Amino acid sequence: MSSIYVLFGMNNIQTTEKRPRGRPVSFDRATVLDAAVLVFWEKGYEGASLDDLTRAMGIKRPSLYAAFGNKRLLFEAAIDRYAATYGNKEFGTLQLDRDTRSAVADFFEMSIKCATERGKPRGCMIANVATDAAESDKLLRKKLAVMFAQTDEGIASRFRADQARGAFPAGHDPDALARMVHSVIHSIKNRARAGASRKELSAISESFLKVFFPQPV
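These lines cover the structure that appears in this document, whether it is placed above or below.

## Section: the overall build of the protein chain
- Secondary structure assignment for the protein chain yields nine helices and zero strands.
- Starting at the N terminus, the α and β elements of the protein chain follow one another as α-α-α-α-α-α-α-α-α.
- Within the span of the protein chain, comprising 217 residues, buried residues form 47% of the whole.
- At a minimum sequence separation of 6, the contacts of the protein chain that also span at least 24 residues come to 73%.
- Carbon and sulfur atoms make up 51% of the accessible area of the protein chain, which amounts to about 11100 Å² in all.

## Section: the packing of aromatic side chains
- The full count for this structure, using the stated rule, is 10 aromatic pairs.
- Note on Trp 41 and Tyr 86: the rings are 5.1 Å apart at their centroids and 75 degrees apart in plane angle, and the pair reads as edge-to-face. On the criterion of sequence distance, the pair formed by Trp 41 in helix H1 (residues 29–47) and Tyr 86 in helix H4 (residues 71–94) is long-range, its members being 45 residues apart.
- Given the relative accessible area of 0%, Trp 41 is considered buried.
- A centroid spacing of 4.9 Å and a plane angle of 45 degrees characterise the contact between Tyr 45 and Phe 75, whose relative ring orientation is tilted. You can see Tyr 45 sitting in helix H1 and its partner Phe 75 sitting in helix H4, a full 30 residues away along the chain.
- Classification of Tyr 45 as buried rests on a relative accessible area of 18%.
- Over the ring of Tyr 45 we find Lys 71, and its NZ or CZ is 4.5 Å from the ring centre.

## Structural notes on the side chain of Arg 101
- Relative to the assigned elements, Arg 101 resides in helix H5 (residues 100–115).
- Dropping the residues within four chain positions of it, Arg 101 is found in contact with Glu 206, Leu 209, Lys 210, Phe 213 and Gln 215.

## Considering a positive patch on the surface
- Together, Lys 89, Lys 113, Arg 118 and Arg 198 make up a region of like positive charge exposed at the surface.
- Among the secondary structure elements, Lys 89 is positioned in helix H4.

## Here we look at the pattern of salt bridges
- The final tally for this structure, using the stated rule, is 15 salt bridges.
- Across the pair Asp 106 and Arg 98 runs a salt bridge whose closest N-O atoms are separated by 2.8 Å.
- Take Asp 106: its relative accessible area is 28%, and that puts it in the partly exposed class.
- Arg 101 is paired through a salt bridge with Glu 206; the nearest N and O atoms lie 3.5 Å apart. Placement of the pair is Arg 101 in helix H5 and Glu 206 in helix H9 (residues 198–212), with a sequence separation of 105 residues.
- According to the relative accessible area criterion, Arg 101 is buried, its value standing at 16%.
- Three or more residues are tied together by salt bridges with common partners; here these are Arg 72, Glu 76, Asp 80, Asp 137 and Lys 143.

## Here we look at the packing of H4 against H5
- With their axes 7 Å apart at the nearest point, H4 and H5 run at an angle of 160 degrees to one another. By the angle between their directions, the pair H4 and H5 is classed as roughly antiparallel. Note on packing geometry: the crossing formed by H4 with H5 is right-handed. Within the contact between the two elements, H4 uses Lys 89, Glu 90, Phe 91, Thr 93 and Leu 94 and H5 uses Ala 103, Val 104, Asp 106, Phe 107, Met 110, Ser 111 and Cys 114.
- Here the contact of H4 with H5 is built from residues that sort into seven nonpolar, two polar and three charged.

## Regarding the environment of Ala 145
- By secondary structure assignment, the location of Ala 145 is in helix H7 (residues 138–164).
- A C-alpha to C-alpha distance of 9.8 Å links Ala 145 and Thr 131, two positions 14 residues apart in sequence.

Scoring rules and cut-offs
Residues numbered from 1 in each chain as written. Predicted model: local features only at pLDDT ≥ 70, side-chain atom pairs only at ≥ 80, totals over all residues. Heavy atoms only, no water. Helix = DSSP H or I, 4+ residues; strand = E, 2+ residues; numbered from the N terminus. Buried < 20%, exposed > 50% of the residue type's maximum accessible area, 1.4 Å probe, protein only. Contact = heavy atoms within 4.5 Å. Areas by Shrake-Rupley, 256 points an atom, 1.4 Å probe, with all protein chains shown as cover. Phe/Tyr/Trp six-rings, centres within 6.5 Å; stacked < 30°, edge-to-face > 60°. Lys NZ or Arg CZ within 6 Å of the ring centre and 35° of its normal. Patch = residues over 30% accessible without salt bridge, like charges linked within 9 Å, V, L, I, M, F, W, Y side chains within 5 Å. Salt bridge = Lys/Arg side-chain N within 4 Å of Asp/Glu carboxyl O. Lys, Arg positive; Asp, Glu negative; His and termini not counted. Charge placed at Lys NZ, Arg CZ, Asp CG, Glu CD. Axes fitted to C-alpha atoms, helices over the stretch in contact; angles between N-to-C directions. Parallel < 35°, antiparallel > 145°, perpendicular 65-115°, else oblique. Left-handed = near helix turned anticlockwise from the far one by under 90°. Nonpolar A, V, L, I, M, F, W, Y, C, P; charged D, E, K, R; others polar.

Encoded structure:
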C-alpha cells in the first residue's frame, strides 16, 4: 500500500477515452503534471483554463494534446499524480510500525500539514476539487468512488493487522472505524479549504482520537 488515494492501483482503472498518437514529447511528464496539479487545485476544473495550464506547465497546447489528449484527461492524470505524491506522503504515516492510536494521530497531523502548507492551495485537490467536478461527470464519479473505497480498505487493512496481533481496541470494527477515519480526513480538508487554522484542525483530530482511542486511566 502506498497512498491515501492510489493504494489503490488507480493505474488499473480504465477510461473510455484514449490518448491520440502524436509527436514525441520532450518534457518531463512528472514535472508538468505537478504544475497542472497546482493549477487545478487552486482554480478547480472549470476555473482552470488551457492558458492557465499550459503557462504553468511550460508547454504549448499541441504538446498538451499530444501527451494527455485533452483537458479532461489531463485532469484525470493530475488526480492520479496528486494521489501518488501528496496522498502517498499522508498515507505513509499510517503504515509505520507503531501502535494504532499513534499511527492514526500521525495520519491526521500529516493530512493537516499537507492541507495547510504555505505556498500551496489549501485543502485537498481530490476531496475539494475533484469531488466538485464529479458532480456533473459520471466517469469521474465512478473513478472517485473506487478511489475512496480503496482508501477505506487500505486504512482498514492496517486496523485488521493490528487486531490480529492483539493491538487493536477491543470491540472496534476495523472497516467501520476506517470509514470514520477517512471521513475525519475529508472534514479536516474541507475546513482547511475554508480557512481553518492548524490549531483548529488539530483540535478536531484530537477530539476524535480521545473518543475512539481513549488513553488508559
